[in-house]
Amino acid sequence: MSTPDVIPEEWDEALLRPSSLDDPRCFDDLFRRHAPPLHRYAARRLGGHLADDIVAATFHQALQHRHSYDPARGDTLSWLWTIATNLIRRHHRSEARLYRALARTGVDPVTEGHADLVVDQVTAATTTPRLAKALAGLRKADRDLLLLIAWGELSYQQVADVLGIPVGTVRSRLNRTRAKLRKALGEVSDG
Amino acid sequence: MDEMKLLRHMRAEIAVPDPDELAASIGWRSELPTAPVRSNRWRSLAFTPKRNRGLIIGAALTAALAAALVVGPSVVPGAPGSATSYANAAIEIEKENGEWVAKIKDPLADHERYAEGFRAVGLDVQLRLVPASPVDVGRVVGGDRSGPMPSPLPGDDETPSGRTIITAGKEPSGCQIGQGDCHLAIRIAEDFRGTVSFQVGRPAQQGEPYQRPTLATDSGEVLQGVGAHERPVAEVLDEIKKRDLQVVYERVTSHDEGPSNYATDRYYHLTFEPVDASEVGPDWVVWQARSIQDGVIQLQVSPEKLKPLAESTN
């Protein structure tokens, strides 16, 4: 049995009080730290054009409602990603359409124009359309959870804060969703 | 085949944009719109951007933000906040290689003496030094929030947590407070403009409980190397007595549901309450042993093994 993780991880980065958000320079720092990874995440889900809108809207909403930031519900990262997640969810039909287009044609409308990825292209060519089909078929909430981890690179605790669910639920729902993906991918090799 | 790995490769060619380019492409501008409530004098002080980037502020917000900035002492030249170094009997602050270095001269001083120093150099920093276990001396042990810490769980990938703004430590590194020139030091990024409140561990005085108990079986602690988790109380008590430590108890209860607040390879929702030594049987089970003050161990115990949350078992 492993040792209990009884004491919160040491944290070196001191946390900001909500009142700091009244200082635009503080907001500027938030933008520099969080906007780039958020943009990449949104672009992977919806394409670069919509990602621009999502990031702009996220920071405008955050600024406008900055007094709603509650440190007890998570850090500033979770706060901003919660806003972005809700905005992305409004586009779930467009998102699913993009996955289905990829599944159907083998060409990803989201990455057209980007340099080729340095991975095993053969594997990618056979599995990515299946993966895309599986993503299109996931429940909205499961897709958010899976992609916050795989593409957003958030920790389970951050995902729990973003989605407002216990961290144990993150883990169990991720397991279920991964099983669905495995099944979808398994169908590739089985014929 | 690892589906998560495949998923991570999907669309991975989409890059993380440069923040300045992103700000430009989505119209996140550095200039703040002018508002009639502000005089030019204040704007020139408060709103001259250090770097050519920043925010669009909605008109309705401008007045409030302007007020917040105008009243801040740190933006008024000539007033407190403009000093480039500061010293009083408690703290000494100097700029060094692009960061503020605050050397603690008196770790038992009133925290207001530290705040005074930070204010003098233009920082809104509330530092409290709190009694801590020797391993926590010089570490940040708390902040002004009560929520969950964003701690990665076993199996998680490293998560980017942004730039480190504040660090604390003993200087010279690895020294013992009270010996030679050893002191606590706080380092703060030169361009930090926010407000922050945090706690750093200092050596505890005799009989003074630690602000944040530590796991007594961890490296560097008094029960280092002793297995306490899920062992009978009698066995762990032997180890404690061998080391001539005192012991107190806390009873742990596990619940079937609720947010998980503890984890091993399973998740638990636990609550704790003090319990008298006379009520604790030798065959009770130890959840963990904590150092709560110099020479005192707290055993967290339950009559039977604790039950994890149902959902974490699948």
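Quick caveat: nothing in here was measured; it's all calculated off a predicted structure. (Residues numbered from 1 in each chain as written. Chains lettered and ligands numbered in written order. Predicted model: local features only at pLDDT ≥ 70, side-chain atom pairs only at ≥ 80, totals over all residues.)

Chemist: How should the overall build of chain B be read in this particular structure?
Modeler: Along the backbone of chain B there are 6 helices and 14 strands. For chain B, with 314 residues in total, the buried portion stands at 33%. Within chain B, contacts between residues at least 6 apart in sequence are counted, and of these 65% link residues at least 24 apart. (Helix = DSSP H or I, 4+ residues; strand = E, 2+ residues; numbered from the N terminus. Buried ≥ 20, exposed ≤ 12 C-beta atoms within 10 Å, placed from the backbone. Contact = placed C-beta atoms within 7 Å.)

Chemist: How should the overall build of chain A be read in this particular structure?
Modeler: From N to C terminus, chain A includes 8 helices and 0 strands. Counted from the first residue to the last, chain A has its helices and strands arranged as α-α-α-α-α-α-α-α. Looking at chain A as a whole, 49% of its 191 residues are labelled buried. Contacts in chain A between residues at least 24 apart in sequence constitute 67% of all its contacts with a sequence separation of at least 6.

Chemist: Would you mind showing me how to read the nonpolar core here?
Modeler: Among the nonpolar cores identified, the biggest contains 54 residues, and Leu38, Ala42, Val55, Leu80, Ala84, Leu131 and Val159 of chain A are the most heavily contacted of them. In contact with Val55 of chain A, not counting residues within four places along its chain, are Ala35, Leu38, His39 and Ala42 of chain A together with Ile26 of chain B. (Core = buried A, V, L, I, M, F, W, Y, C linked by C-beta atoms within 7 Å.)

Chemist: Just to check I follow, could you spell out the sheet that holds strand 7 (residues 183-189) of chain B for this structure?
Modeler: Strand pairing in a sheet relies on backbone hydrogen bonds. The paired strands run either parallel or antiparallel. All names here are of chain B. Taken in spatial order, the 5 strands make up an open sheet running 1-2-3-7-6, and their pairing is antiparallel. Each of the sheet's edge strands pairs with one partner strand only, and the pair in question is strand 1 (85-87) and strand 6 (166-171). Here the average twist between neighbouring strands, direction ignored, is 20°. Here strand 6 runs beside strand 7; their pairing, made up of 6 bridges, is antiparallel. (Pairing = 2+ DSSP bridges. Axes fitted to C-alpha atoms, helices over the stretch in contact; angles between N-to-C directions.)

Chemist: Quick question: what am I supposed to make of the pairing of strand 2 (residues 91-96) of chain B here?
Modeler: Walk down a regular strand and you will see the side chains alternate between the two sheet faces. Residues and elements named next belong to chain B. Two strands pair when backbone bridges link them, and strand 1 and strand 2 are joined in this way by 3 bridges, in the antiparallel orientation. Looking at the pairing, Tyr86 lines up with Ile93 of strand 2. What sits between strand 1 and strand 2 in their antiparallel hairpin is a turn of 3 residues. As paired elements, strand 2 and strand 3 (residues 99-104) share 6 bridges and run antiparallel to each other. Residue pairing in the sheet places Ile93 in a bridge with Ala102 of strand 3.

Chemist: How should the packing of helix 2 (residues 48-64) of chain A against helix 3 (residues 76-89) of chain A be read in this particular structure?
Modeler: The angle between the axes and the distance between the axes are what describe a pair of packed helices. Residue and element names in this part refer to chain A. Relative orientation of the contacting elements helix 2 and helix 3 amounts to 130°, with a least axis distance of 9 Å. With respect to each other, helix 2 and helix 3 are oriented oblique. As for the relative orientation of helix 2 and helix 3, their crossing is right-handed in sense. Across the interface between the two elements, Ile54, Ala57, Thr58, Gln61 and Ala62 of helix 2 pack against Leu80, Ile83, Ala84, Leu87 and Ile88 of helix 3. A breakdown of the residues in the contact of helix 2 with helix 3 according to their chemical character gives 8 nonpolar, 2 polar and no charged. (Parallel < 35°, antiparallel > 145°, perpendicular 65-115°, else oblique. Left-handed = near helix turned anticlockwise from the far one by under 90°. Nonpolar A, V, L, I, M, F, W, Y, C, P; charged D, E, K, R; others polar.)

Chemist: Could you clarify how one ought to interpret unusual backbone geometry in this entry?
Modeler: Only a minority of non-glycine residues have a phi that is not negative, and only a minority of peptide bonds are not trans. Residue and element names in this part refer to chain B. In this structure, Pro172 follows Glu171 across a cis peptide bond, with omega equal to -5°. Counting through the fold element by element, Pro172 comes out in the loop between strand 6 and strand 7. Here the phi dihedral of Asn97 falls at roughly 45°; this positive angle occurs in a residue that is not glycine. Relative to the elements of secondary structure, Asn97 occurs in the loop between strand 2 and strand 3. Even without being glycine, Asp244 reaches a positive phi, approximately 60°. Inspection of the secondary structure puts Asp244 in the loop between helix 6 (233-242) and strand 10 (246-255). We classify Asp244 as exposed; it has 8 C-beta atoms within 10 Å.

Chemist: Would you explain helix 4 (residues 92-105) of chain A in this entry?
Modeler: One turn of the α-helix equals 3.6 residues, which is why residues spaced by three or four share an orientation. All names here are of chain A. With 14 residues, helix 4 should reach 20 Å at 1.5 Å per residue; the first-to-last C-alpha distance of 20 Å fits that figure. The set of residues buried in helix 4 consists of Glu95, Leu98, Tyr99 and Leu102. The buried residues of helix 4 occupy one face: seen down the axis, they fall within an arc of 95°. Structural note: helix 4 exposes Arg93, Arg104 and Thr105 on the side pointing more than 90 degrees away from its buried face. (Expected span 1.5 Å × (residues − 1). Arc of directions from axis to C-beta.)

Chemist: Just to check I follow, could you spell out the environment of Tyr99 of chain A for this structure?
Modeler: Residue and element names in this part refer to chain A. Residue placement: Tyr99 occurs in helix 4. Sequence-wise, Tyr99 and Lys133 are 34 residues apart; in three dimensions their C-alpha atoms are separated by 6.1 Å. Setting aside its immediate chain neighbours within four residues, Tyr99 contacts Ala132, Lys133, Leu135 and Ala136.

Chemist: Help me understand helix 2 (residues 19-26) of chain B in this model?
Modeler: What helix 2 of chain B keeps buried is the set Leu22, Ala23 and Ile26 of chain B. For helix 2 of chain B, the arc enclosing every buried residue in end-on projection is 100°, short of the 170-degree limit, so these residues lie on one face.

Chemist: Honestly, the confidence of the model for chain B in this entry has me stumped. Any pointers?
Modeler: Low-pLDDT portions of the prediction should not be read for the details of their coordinates. Overall, the prediction assigns chain B a mean pLDDT of 73, with 70% of residues at 70 or greater. Scoring of the predicted complex yields 0.47 for pTM and 0.84 for ipTM. (pLDDT = per-residue confidence, 0-100.)

Chemist: What's the story with the environment of Leu38 of chain A in this structure? I'm lost.
Modeler: Residue and element names in this part refer to chain A. Counting through the fold element by element, Leu38 comes out in helix 1 (residues 24-46). Note on Leu38: 26 C-beta atoms within 10 Å, which makes it buried. Linking Leu38 and Gly152, residues 114 residues apart in sequence, is a C-alpha distance of 7.4 Å. Once residues lying within four places of it in the same chain are set aside, the contact partners of Leu38 are Val55, Thr58, Leu80, Trp81 and Ala84.

Chemist: Looking at this model, I keep getting lost on the packing of helix 3 of chain A against helix 7 (residues 156-163) of chain A. Mind explaining?
Modeler: Residues and elements named next belong to chain A. Between helix 3 and helix 7, the shortest axis-to-axis distance is 8 Å and the interhelical angle comes to 55°. When the interaxial angle is binned, helix 3 and helix 7 end up oblique. Remark: the crossing between helix 3 and helix 7 carries right-handed chirality. Taking contact as the criterion, the partners of Leu77, Ser78, Trp81, Thr82 and Thr85 in helix 3 are, on helix 7, Gln158, Asp161 and Val162.

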